[in-house]
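Fold and geometry: a report
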Amino acid sequence: MSKPKKLILVSAEHHPYHKKWLQLSQEVAQTLGLDFELKLEDYVFAIEHGVTDELGMAGLPQLFVEMEDGRIAVVLSEVPLDSNYQPDFEKSKAEVIEKIKNIE
């Protein structure tokens, strides 16, 4: 069974929540002892490995995990909202960690 080795954040500095996505990604990488890579506006990577719309376009940011065997899986493409309809980054962090632990 392959283990996770690296988190990859594909983001854009102009995105309103870029810094929060970056912080979340770095915290998860540190918590799980994974390497971290930031790719800025790498739409080709996001389209190849991530969540796309009906036209095949990928929205950013998206967070991926790279496994030791080379597989890449998306672990976060949308941040859930809290009861006040605000992005819940703490919930996202827990969800990402859980998804990574359950990848086979």
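Refer to the structure above for everything that follows.
Residues numbered from 1 in each chain as written. Predicted model: local features only at pLDDT ≥ 70, side-chain atom pairs only at ≥ 80, totals over all residues. Heavy atoms only, no water.

Counting through the fold element by element, glycine 70 comes out in the loop between strand 3 (62–67) and strand 4 (72–76). A relative accessible area of 42% places glycine 70 in the partly exposed class. Measuring from C-alpha to C-alpha, the distance between glycine 70 and glutamate 98 comes to 20 Å, with 28 residues separating the pair along the chain. (Helix = DSSP H or I, 4+ residues; strand = E, 2+ residues; numbered from the N terminus. Buried < 20%, exposed > 50% of the residue type's maximum accessible area, 1.4 Å probe, protein only.)

The amide bond that connects leucine 60 to the next residue, proline 61, takes the cis arrangement and shows omega of -5°. Within the secondary structure, proline 61 is located in the loop between helix 2 (43–49) and strand 3. A positive phi angle, near 50°, is found at glutamate 41, a position not held by glycine. Mapped onto the fold, glutamate 41 is located in the loop between strand 2 (35–40) and helix 2. In this structure glutamate 41 comes out as partly exposed when scored by relative accessible area, which is 40%. Non-glycine residue tyrosine 85 carries a positive phi angle of around 60°. Within the fold, tyrosine 85 resides in the loop between strand 4 and helix 3 (89–101).

Pairs of aromatic rings are described using the distance from one ring centre to the other and the angle between the two planes. If you walk through the whole model with that rule in mind, you get two aromatic pairs. Relative to phenylalanine 89, the ring of tyrosine 17 has its centre 5.9 Å away and its plane inclined at 50°; by these criteria the two rings are tilted. Note that tyrosine 17 is positioned in the loop between strand 1 (4–11) and helix 1 (18–32) and phenylalanine 89 in helix 3, a separation of 72 residues in sequence. Seen in terms of ring centroids, phenylalanine 45 and phenylalanine 64 are 5.1 Å apart; in terms of plane orientation they differ by 85°. Their pairing is edge-to-face. Remark: phenylalanine 64 occurs in strand 3 and phenylalanine 45 occurs in helix 2; sequence separation between them is 19 residues. Per residue, the accessibility class of phenylalanine 45 equals that of phenylalanine 64, and both read buried. The ring centre of phenylalanine 45 lies 4.9 Å from the NZ or CZ of lysine 39, which sits over that ring. (Phe/Tyr/Trp six-rings, centres within 6.5 Å; stacked < 30°, edge-to-face > 60°. Lys NZ or Arg CZ within 6 Å of the ring centre and 35° of its normal.)

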